[in-house]
Number of protein chains: 2
Amino acid sequence: MNEVPLTAVKALTFDVFGTVVDWRTSVASELRATLGAKGYELDWYRLADEWRSQYQPALESVRSGQRPWVTLDVLHLENLGTLLEQHSISGLSDAELEELSHAWWRLDPWPDTVDGLTRLKERFIIATLSNGNIALMVNLAKHGGLPWDAILGAEISHSYKEQPQTYLHSAEALGLRPDEVALVAAHNGDLLAAAACGFRTAFVSRPTEHGSNQTTDLEAEHDFDVVATSLTDLAQQLGC
Amino acid sequence: MNEVPLTAVKALTFDVFGTVVDWRTSVASELRATLGAKGYELDWYRLADEWRSQYQPALESVRSGQRPWVTLDVLHLENLGTLLEQHSISGLSDAELEELSHAWWRLDPWPDTVDGLTRLKERFIIATLSNGNIALMVNLAKHGGLPWDAILGAEISHSYKEQPQTYLHSAEALGLRPDEVALVAAHNGDLLAAAACGFRTAFVSRPTEHGSNQTTDLEAEHDFDVVATSLTDLAQQLGC
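Computed from a predicted structure; not experimentally measured.

Draft legend 1. Local environment of the layout of surface pockets. Taken as a whole, the largest pocket spans an internal volume of roughly 710 Å³. Forming the boundary of the largest pocket are 28 residues, of which G175 of chain A together with D73, H102, W105 and A135 of chain B lie nearest the centre. Counting residues per element, the ones that place at least two in the lining of the largest pocket are α9 (164–173) of chain A together with α4 (72–86), α5 (94–101) and α7 (134–144) of chain B. When residues in the lining of the largest pocket are grouped by element, the largest group, 4 residues, is from α5 of chain B. Together, 25 residues line the second largest pocket, and W105 and A135 of chain A together with L174, G175 and L176 of chain B are the ones closest to its centre. Sorting the residues of the lining of the second largest pocket by element identifies α4 (72–86), α5 (94–101) and α7 (134–144) of chain A together with α9 (164–173) of chain B as the ones contributing at least two each.

Below you can see the structure in the form of C-alpha cells.
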C-alpha cells in the first residue's frame, strides 16, 4: 500500500472486459441470436467461454513475436472461425461471420458501470487500458454509454497486456508519470503487472464474470490501494 | 459534391484548433496572465499570433523527416522558448515555462461548440483529428467539456496533417473506410487534403479565428459536402 492516497492520482485507467462490461452474458446472447436462428442448439454460455478461452493464446502469439501486432478484432474473427469449425457449424457468409465477431462491440455494461464512471469522470481523467482496439472500444462505448475521456491500451502501444509497454505507453500518452495513474481491474494479474510498472491499483470484484461457478479473481489477493465491490463503490470510496 | 448524403457517414472527425476552440483569445489571455504578472506589457494577441506562426514550420521539421516525430506539446514548449527569446523575456523557471506551454491545454470552445458536438454525438461517432497529442486533447476536453468518443489524429499515426496517413490511419483506427468518415474543419487546405484521402468534408466558417482582420478561410473555397456557420448549424443540417 502506497502512503499517498489514491485520490492524488490524475487518471483512472480501466480494464474493460469483465471489469466494465459483462462479456459472457452478452456474447452468449449474440451467439444464440445468430446461430439459434440457423437451427443450432448449443450451450451458449459454454460456447462463449470457449471463444474467450482462445483469447490468451491468440494474444500470446503476438506478445511472443510469433506474428506482428494485429488488432483484437482480427483475433476475435479468427478465433470465431476456429470455434465454429470445432463445433462443425457452417453456413455463415463472410459478412455474417464478421458481424458475429462484432458481438464484442456490443457487450452490456454491469449495472453499476455507467453511474460509477460518470461520477469518477467528474474528478479524474477516465480512460480504457484494454487489449481491445480503438474501433472495438469506441463501439462498446456507444453501445453502453461509457463516457471515456480517451481510448488507450493495446492499439496505441502495439502491445498486449500484461506487457509493460501497454501500461507505460498509456500513462505517457496522458503526459503522466505511472504513479499519477491507477489501473482499475477485476483481475489480480493485471493489477500486479500495472503495479510493477509503478501504477496505483484498484481492485473491483466481479464474482460472476465467468458465471456462478467462478473460481478465480473472487477477491483481491494482494495489497492493492483500494478494493471495491463495484464502480459506484469505487466512486464512493474516492469521494466522487 | 458526392451523391451520397453526408448523413450516411458513420463518424465525424474534427480539426480542433480554430474549428472547435478559439485558441487566439485563450492563448493571449494566458500570456497576459503569466507575463503580465511579471511586469511585461505587450500586445498579447500579437504574441499569441507569433507563437502560432511557429507552428507550421515546427510541424514541417517533423513532416520532412528532418527530426523524428515528437508531440505537439514538445513543439509548443520549444516554440515558446524561441518566442520569449525573441522578445527578450526571461525569468521564468522551467516549471513556469512548461505550465505556460500548457496554455494550449486550456483553450476555450467557441460558444456553439459543446451544444453542437453533443447533438452530433447522438447520431455519429465524434473524434478529434488534430495535430494535438493525446494529453493535450484530453486536457482540452476536460477544460471545455468536449464530449469526444475518441482522440485520433497525429499521435496515433505519428504523422502530422496534412500528411495523408494522419487522415487514413484515423479512419482505419475506427474500423471505417475513408468515405465513411467526414472531416469537419474551418480550413480549406485541411479539407482538401482529407478529400484527397477519400474523406467526406464539412466546412465550418470561423471568420475571427485570427482576429477581426482575418483574410484567410473566410469561406469555403471548394465544393465541400456541407458548408456551415457553426457546429450547431452543422448539427441542424445533419438532422441532429
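Draft legend 2. Inspection of the interface of chain B and chain A at higher detail. Contacts between the two partners involve 17 residues from chain B, matched on the other side by 17 residues from chain A. Taken together, both faces of the contact between chain B and chain A bury some 1,400 Å²; the carbon and sulfur share is 61%. Linking chain B with chain A are 2 salt bridges, by the criterion used here. K142 of chain A serves as the salt-bridge partner of D149 of chain B, at 2.7 Å between the closest nitrogen and oxygen. Counting across the chain B and chain A interface gives 8 residue pairs in polar contact (both at pLDDT 80 or more).

Draft legend 3. Fine view of the packing of helix α1 (residues 23–36) of chain B against helix α2 (residues 44–53) of chain B. Residue and element names in this part refer to chain B. Contact geometry for α1 and α2: axes closest at 8 Å, N-to-C directions at 115°. Viewed along their axes, α1 and α2 adopt a mutual orientation that is roughly perpendicular. Of the two possible hands of crossing, α1 and α2 adopt the one that is right-handed. Packed against α1, whose contacting residues are W23, R24, T25, V27, A28, L31, R32, L35 and G36, the element α2 presents W44, Y45, L47, A48, D49, W51 and R52 at the interface. Of the residues contributing to the contact of α1 with α2, the split by class is 10 nonpolar, 2 polar and 4 charged.

Draft legend 4. Up close: the sheet that holds strand β4 (residues 181–185) of chain A. All names here are of chain A. Taken in spatial order, the 6 strands of this open sheet run β3-β2-β1-β4-β5-β6, and their pairing is parallel. The two strands at the open ends of the sheet, each matched to only one other strand, are β3 (150–153) and β6 (226–228). Averaged over all pairs of adjacent strands, the angle between strand axes in this sheet comes to 25°, irrespective of strand direction.

Draft legend 5. Region of interest: the relation of the copies chain B and chain A. Overlaying chain B with chain A gives an RMSD of 0.0 Å, the required rotation being 180° about an axis along which the chain moves by 0.0 Å. Such a turn and shift between the copies fits a two-fold axis. A share of 100% of the interface residues of chain B reappears at the interface of chain A, consistent with the copies meeting face to face through the same patch.

Draft legend 6. Representation of the packing of aromatic side chains. As enumerated under the stated definition, the model contains 16 aromatic pairs over all chains in all. A ring pair is formed by F17 of chain B and W104 of chain B, whose centres lie 5.9 Å apart and whose planes are at 90°; its orientation type is edge-to-face. Of this pair, F17 of chain B sits in the loop between β1 (11–14) and α1 while W104 of chain B sits in the loop between α5 and α6 (113–123), and the two are 87 residues apart along the sequence. For F17 of chain B, a relative accessible area of 1% corresponds to the buried category. An aromatic cluster is built from F17, W23, W51, Y55 and W104 of chain A, whose rings are joined through pairwise contacts. Between R52 of chain A and the ring centre of W23 of chain A, over which it is positioned, the NZ or CZ distance is 5.2 Å.

Draft legend 7. Molecular detail of the packing of helix α3 (residues 55–63) of chain B against α4 of chain B. Residue and element names in this part refer to chain B. The N-to-C vectors of α3 and α4 enclose an angle of 125°; their axes lie 10 Å apart at closest approach. Classified by the angle their axes make, α3 and α4 are oblique. Where α3 crosses over α4, the two elements pack in a sense that is right-handed. Here Y55, A58 and L59 of α3 come into contact with α4, specifically with L72, L75, H76 and N79. Class assignment for the residues of the contact of α3 with α4 results in 5 nonpolar, 2 polar and no charged.

Draft legend 8. Just the pairing of strand β2 (residues 125–130) of chain B, in detail. Residue and element names in this part refer to chain B. Of all 6 residues making up β2, 6 are buried, and the element is well covered by its neighbours. The side-chain alternation of β2 yields two buried faces, one formed by I125, A127 and L129 and the other by I126, T128 and S130. Bridge count between β1 and β2: 4 bridges; the pairing is parallel. Paired with F14 across the strands is T128, a residue of β2. Strand direction decides the pairing type here: β2 and strand β3 (residues 150–153), joined by 4 bridges, are parallel. Note that in β3 the partner of S130 across the bridge is G153. After leaving β2, the chain enters α7 and then returns to the sheet as β3, a path that is right-handed.

Draft legend 9. Region of the structure containing the side chain of Q214 of chain A. Residues and elements named next belong to chain A. In this structure, Q214 sits in the loop between β5 (200–204) and β6. Judged by its relative accessible area of 8%, Q214 is buried. From its side chain, Q214 meets the backbone oxygen of R206 in a polar contact 3.2 Å long. At 2.9 Å, the side chain of Q214 forms a polar contact with the backbone oxygen of T216. In this view, Q214 contacts R206, P207, T208 and E209; residues no more than four positions away in its chain are not counted.

Calculation criteria
Residues numbered from 1 in each chain as written. Chains lettered and ligands numbered in written order. Predicted model: local features only at pLDDT ≥ 70, side-chain atom pairs only at ≥ 80, totals over all residues. Heavy atoms only, no water. 1 Å grid on protein atoms, 1.4 Å probe; cavity = no way out; pocket = protein on both sides within 12 Å on 5 of 7 lines; lining within 4 Å. Points joined across faces, edges and corners; volume = space filled by probe spheres on them. Helix = DSSP H or I, 4+ residues; strand = E, 2+ residues; numbered from the N terminus. Contact = heavy atoms within 4.5 Å. Buried area = accessible area lost by both parts, 1.4 Å probe. Salt bridge = Lys/Arg side-chain N within 4 Å of Asp/Glu carboxyl O. Polar contact = N/O pair within 3.5 Å; in protein donor to acceptor, adjacent residues only side chain to side chain. Axes fitted to C-alpha atoms, helices over the stretch in contact; angles between N-to-C directions. Parallel < 35°, antiparallel > 145°, perpendicular 65-115°, else oblique. Left-handed = near helix turned anticlockwise from the far one by under 90°. Nonpolar A, V, L, I, M, F, W, Y, C, P; charged D, E, K, R; others polar. Pairing = 2+ DSSP bridges. Least-squares fit on C-alpha atoms with pLDDT ≥ 70 in both. Phe/Tyr/Trp six-rings, centres within 6.5 Å; stacked < 30°, edge-to-face > 60°. Buried < 20%, exposed > 50% of the residue type's maximum accessible area, 1.4 Å probe, protein only. Lys NZ or Arg CZ within 6 Å of the ring centre and 35° of its normal. Right-handed = clockwise from strand over helix to strand, strands pointing away.

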